[in-house]
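Now for the letters of each chain:
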Amino acid sequence: MNTNAFALRHIGPREDDQKHMLNTIGLDSLDELIYETIPNDIRLKNGLNLDEPMTEHEYLLHIHDLSKKNKARKTYIGLGYHPTIMPAVIQRNILENPGWYTAYTPYQAEIAQGRLEALLNFQTMVIDLTGMEIANASLLDESTAAAEAMSLLFAVRERDQKKADINKFFVSDNILPQTLSLLQTRANPIGIELVVGNEETFDFSKDFFGAILQYPGKDGQITEIKSFINKANNANIKVAVAADILSLVKLEAPGKFGADVVVGTTQRFGIPMGYGGPHAAYFATKEAYKRDLPGRIIGVTKDANGNRALRMALQTREQHIKRDKATSNICTAQVLLAVMASMYAVYHGPKGLKFIANKVHNKASALANALEKLGYEQINTSYFDTLQIKTKAKKIKKLATEKKVNLFYPDSETVTISINETTAIRDINYLIALFAEAANKETIVISEITPANNLSKTIERQTDFLTEPVFNTYHSETELMRYIKFLERKDLALNHSMISLGSCTMKLNAASEMLPLSWFKWGNIHPFAPLKQAKGYLTVLKALEDQLTEITGFAATSLQPNSGAQGEFAGLMVIKAYHESRNDHHRNICLIPSSAHGTNPASAVMAGMKVIVTKSTEEGNIDVDDLREKAVLHKDNLSALMVTYPSTHGVYESAIKEITKIIHDNGGQVYMDGANMNAQVGLTNPGNIGADVCHLNLHKTFAIPHGGGGPGVGPICVAKQLVPFLPGNPLVKIGGEKAITAISAAPFGSALACLISYGYIKMLGAEGLTQSTKIAILNANYIKHRLHGSFDTLYSGERGRAAHEMIVDCRPFKANGIEVTDIAKRLMDYGFHAPTVSFPVAGTLMIEPTESESKAEIDRFCDAMIAIKKEIDGVTKEDENNVLKNAPHTLDMITANDWLFPYSREKAAFPLEFVRDNKFWPSVRRVDDAYGDRNLICSCVPIEAYAEA
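Here the structure is a predicted model, which means the values were calculated and not measured.

Concerning the side chain of Arg587
Phase 1: Examined against the element boundaries, Arg587 turns out to sit in the loop between helix 20 (564-581) and strand 17 (589-593).
Phase 2: In terms of polar contacts, Arg587 uses its side chain to reach the backbone carbonyl oxygen of Lys635, at 2.9 Å.
Phase 3: Discounting chain neighbours no more than four positions away, the residues touching Arg587 are His579, Lys635, Asp636, Asn637, Leu638, Ser639, Asn666 and Gly667.

Okay, structure coming up:
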């Protein structure tokens, strides 16, 4: 046994286990299984051309050496990214803790109460600081949030405005440049006309439905947004404000001035810059717009005993319900980062945040005063942390480069300096000395920082914030550590048991892949720093692009999309740009199979396409005849087909090459959804199948942890003809020769998280990656065989095999009065998170074991499922007081004096012997979803307010 091989640690079943599993399903070898599973005409003829795998030790030395190529300079660039101080208690107990980073999206609320509470804290923090009525549980980045705000305001136009086709949206010319680029990307496909201009001279024409302001502006000037909002309201123009969250500690909340939406990033709350991400954006609005609010909302409800419980409210899986009618394609958040940012607020509390904000502001003021004494003109009349200096930028830039300082130079006559939480007095004096030298004057030395106020009285904050107990209790490390652990114990994550979610690929997130995320030289690089300072990042990111390009069989890759849904949108926008380059502007029809992910039709509509749904056969495959008929019917306007492979039904469709040829023959391009890439790597690939572009979920196939619902990374890989259109960035030259505008705020999206996938591929190598795919398929088919006789598999391949996942049918159990939800909840009593429930087929479970789970764990899961089937057989429709309907069973129930159930406490809590050894207790009984939607509470309110609801 080669104990140095990473594949040995990543892949669960041992060699003897694999032989036993193959024997169980009636085969002699893995190759025989693959032959019976994957159509031969799409199998790769040659192996992947990747570097030889590294051991974990070799990889950590390698990634450490690369980190030295990054130069973590003193950085004052600003533009939405700032150096921060992450409290060590948060780094150790959340960022580096698999109990937090390996959890899944909280669709099963009873075993997710910990992160739901942390997210409720996040929403409360955002609501308090913005002065709005409702906030979501985070978005992907500030620029994405701003684009979502524009879309929301467009969707909620008044009837007369819609009738008159009012479609102009005003953008302040002081908006962050990356946000402007993203607004441009999103506006055109849905018919919005952007007008960029000076907010002070805006005429508030009735032709506009909305506007967005930056607060403070990109150059640091704080404008009187109250006056602008008042005039806009009078003209029936709704206003979004992109606000710096730390500045809101000192500035009055935009909601108090009448803003309709407030967005921003919480990166300043202790999250490293990470060369652009991941960071949790925030989005707050009026309650009147709650049905159009993108992303997730965490709400307060009650459980079966009437006790307080938390859940995802309203927007839960909205795209899978509304599909092409969805207001957004966003289906993930940045939960891990939102949790960290919320804990930063919990740790510091309102007094601590005021101390930090005052420190930043006072140091900016001290620097401004010193520079003015040196003869420089500082032109911001009201500012929080950013100074705008009029001087010869070239001279300052040369000197600053020599002195290893990063400033921002918007034009040849201007330098901006953004002070941050890490800036010390010595740093201020260093900056003063730099400017003194440039002016050939003697420097000024500051020995202490005195209180200052460079804010207009009309915008100073008057309202209290973070008054709730949670933000005023846990200020010692001991207390916060215990609070974090208290929440962690309420959540089931991969460090407890298997999470067999179909389409979500909850595999091992190896410690050696995760460790570098905490290293200083990876965390502290600004995304707009000079490229010479990011050579380590550029080396890793280029190598990862090349790895993914090789794995997918395409020509190039863009890492910019920072979620799977963003990848879908990016892929379609690249296809759109390709058609337009050929004067095929009319091509706007997107064919989507009925079984597709709900984000697919939502993404297509966002890209300005018209969705045509194609049928599925009884076997769950694409109906090729129906597809051909619709492709031919719409051949003059056909833009794309969106297809998932293997199919969403867990089957390798043998007709896939015929399908892609039909699309190409009728002038379209093929977009392949990469959700099921874990069943392709090393055995087949999208290029070989005939696709033109695919997105990859690095948080699925390539080992980035789900983080309780984010971060995700969704790069796109493209064929040769689409390479020129890969997305660009307004501040860093990347993308194709004819690059579309930005898809996310940072040039490389969530660059820090990309280190994980780079390490995953680097340590597994070609053979390890291919073996991982084979074992994922083996594990799935082993489960399929073990569950046979208890659960019917809904779809199988032509030789009766599943892909890396399968759908089991729970609809027959309705005859016993049992719904699929009852099975999901009962699994919690056995210590397991439910597989994917009712997707893509209502009343089913979609099971995916991944390659990382051992045979022993898979057997425990199968034993639990078989035991549940026996429990189902023992109940009737008339008997609702049964062990399934009452699941999950909490510790309070089991230890209560009264036991009013017709089965034993032992059967409820310890249904199989293995459960005793590692019991996980759900912290609440089954939650009441309907009550939570009828009585929407999405912040930390006094218990009295909850009781009144």
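Digging into the pairing of strand 10 (residues 308-313)
Phase 1: For strand 10, the buried fraction is high: five of the six residues fall into the buried class.
Phase 2: Taken together, the six bridges between strand 9 (residues 297-302) and strand 10 define a ladder with antiparallel strand orientation. Note on strand 10: the bridge partner recorded for Ile298 is Met312.
Phase 3: In this structure, the hairpin formed by strand 9 and strand 10 is closed by a connection of five residues, where Gly306 is found at a positive phi of approximately 85°.

Some words on the packing of aromatic side chains
Each aromatic ring pair is specified by the distance between its two centres and by the angle formed by the two planes.
Phase 1: Under the definition given, this model contains 27 aromatic pairs.
Phase 2: Consider the rings of Phe170 and Phe202, whose centres lie 4.2 Å apart with planes at 20°: the pair is stacked. Residue Phe170 is found in strand 3 (residues 168-172), and its partner Phe202 is found in the loop between strand 4 (193-197) and strand 5 (208-215); the two are separated by 32 residues along the sequence. You'll find Phe170 and Phe202 in the same group, each marked buried.
Phase 3: Between the aromatic rings of Phe832 and Phe861, the centroid separation amounts to 5.6 Å while the plane-to-plane angle is 85°, which identifies the pairing as edge-to-face. With a gap of 29 residues between them, Phe832 in the loop between helix 26 (820-829) and strand 25 (836-837) and Phe861 in helix 27 (residues 855-873) connect regions that are remote in the sequence.
Phase 4: Each residue in the set Phe170, Phe202, Phe204, Phe208 and Phe228 is aromatic and connected to the rest through ring pairs, giving one cluster.

Observations concerning the sheet that holds strand 15 (residues 414-418)
Phase 1: Taken in spatial order, the four strands make up an open sheet running 11-12-15-14, and their pairing is antiparallel. A single partner strand is all that each edge strand has here, and the edge strands are strand 11 (377-378) and strand 14 (408-411).
Phase 2: Sheet analysis places strand 14 next to strand 15, joined by two bridges and oriented antiparallel. Bridge assignment links Asp411 to a residue of strand 15, and that residue is Thr414.
Phase 3: Its contacts with the sheet place helix 14 (residues 393-402) against strand 14 and strand 15, and it is angled at close to 160° to strand 14.

A look at the confidence of the model for the protein chain
Phase 1: Mean pLDDT over the protein chain stands at 95; residues scoring 70 or higher make up 98%.
Phase 2: Predicted confidence for residues 943-949 stays below pLDDT 50, and this span has 13 contacts to residues more than four positions away or in other chains.

Things to note about unusual backbone geometry
Phase 1: Residue Tyr215 is joined to Pro216 through a cis peptide bond whose omega torsion reads -10°.
Phase 2: Within the secondary structure layout, Pro216 lies in the loop between strand 5 and helix 11 (225-234).
Phase 3: Here the residue pair Ala887 and Pro888 is connected by a cis peptide bond, since its omega of 0° sits within 30 degrees of zero.
Phase 4: Along the chain, Pro888 turns up in the loop between helix 27 and helix 28 (891-895).
Phase 5: One non-glycine residue, Asn236, adopts positive backbone phi at about 60°.
Phase 6: Tracing the sequence through the fold places Asn236 in the loop between helix 11 and strand 6 (238-243).
Phase 7: Judged by relative accessible area, Asn236 falls into the partly exposed class, the value being 26%.

Here's the deal with the nonpolar core
Phase 1: Residues Met343, Leu407 and Ile417 are the most contacted members of the largest nonpolar core, which totals 290 residues.
Phase 2: It is helix 13 (residues 335-373) that contributes the most residues to this core, 22 residues altogether.
Phase 3: Counting 28 residues, the second-largest nonpolar core is a separate cluster that includes Leu572, Tyr578, Met606 and Val718.

Description of the sheet that holds strand 8 (residues 281-285)
Phase 1: Across the sheet, which stays open at both edges, the seven strands sit in the order 2-8-7-6-5-3-4 with mixed pairing between neighbours. Either end of the sheet is taken by a strand with one partner, and the two such strands are strand 2 (134-135) and strand 4.
Phase 2: With five bridges joining them, strand 3 and strand 4 adopt parallel strand pairing. The residue of strand 4 that forms the bridge with Lys168 is Glu193.
Phase 3: Sheet strands in contact with helix 8 (residues 142-155) are strand 3, strand 4, strand 5, strand 6, strand 7 (261-265) and strand 8, and its direction is about 165° off that of strand 7.
Phase 4: Along the sheet face, helix 11 touches strand 3, strand 5 and strand 6 and points at about 155° away from the line of strand 6.

Each value, and the rule that gives it
- Residues numbered from 1 in each chain as written.
- Predicted model: local features only at pLDDT ≥ 70, side-chain atom pairs only at ≥ 80, totals over all residues.
- Heavy atoms only, no water.
- Helix = DSSP H or I, 4+ residues; strand = E, 2+ residues; numbered from the N terminus.
- Polar contact = N/O pair within 3.5 Å; in protein donor to acceptor, adjacent residues only side chain to side chain.
- Contact = heavy atoms within 4.5 Å.
- Buried < 20%, exposed > 50% of the residue type's maximum accessible area, 1.4 Å probe, protein only.
- Pairing = 2+ DSSP bridges.
- Phe/Tyr/Trp six-rings, centres within 6.5 Å; stacked < 30°, edge-to-face > 60°.
- Axes fitted to C-alpha atoms, helices over the stretch in contact; angles between N-to-C directions.
- pLDDT = per-residue confidence, 0-100.
- Core = buried A, V, L, I, M, F, W, Y, C linked by side-chain atoms within 4.5 Å.

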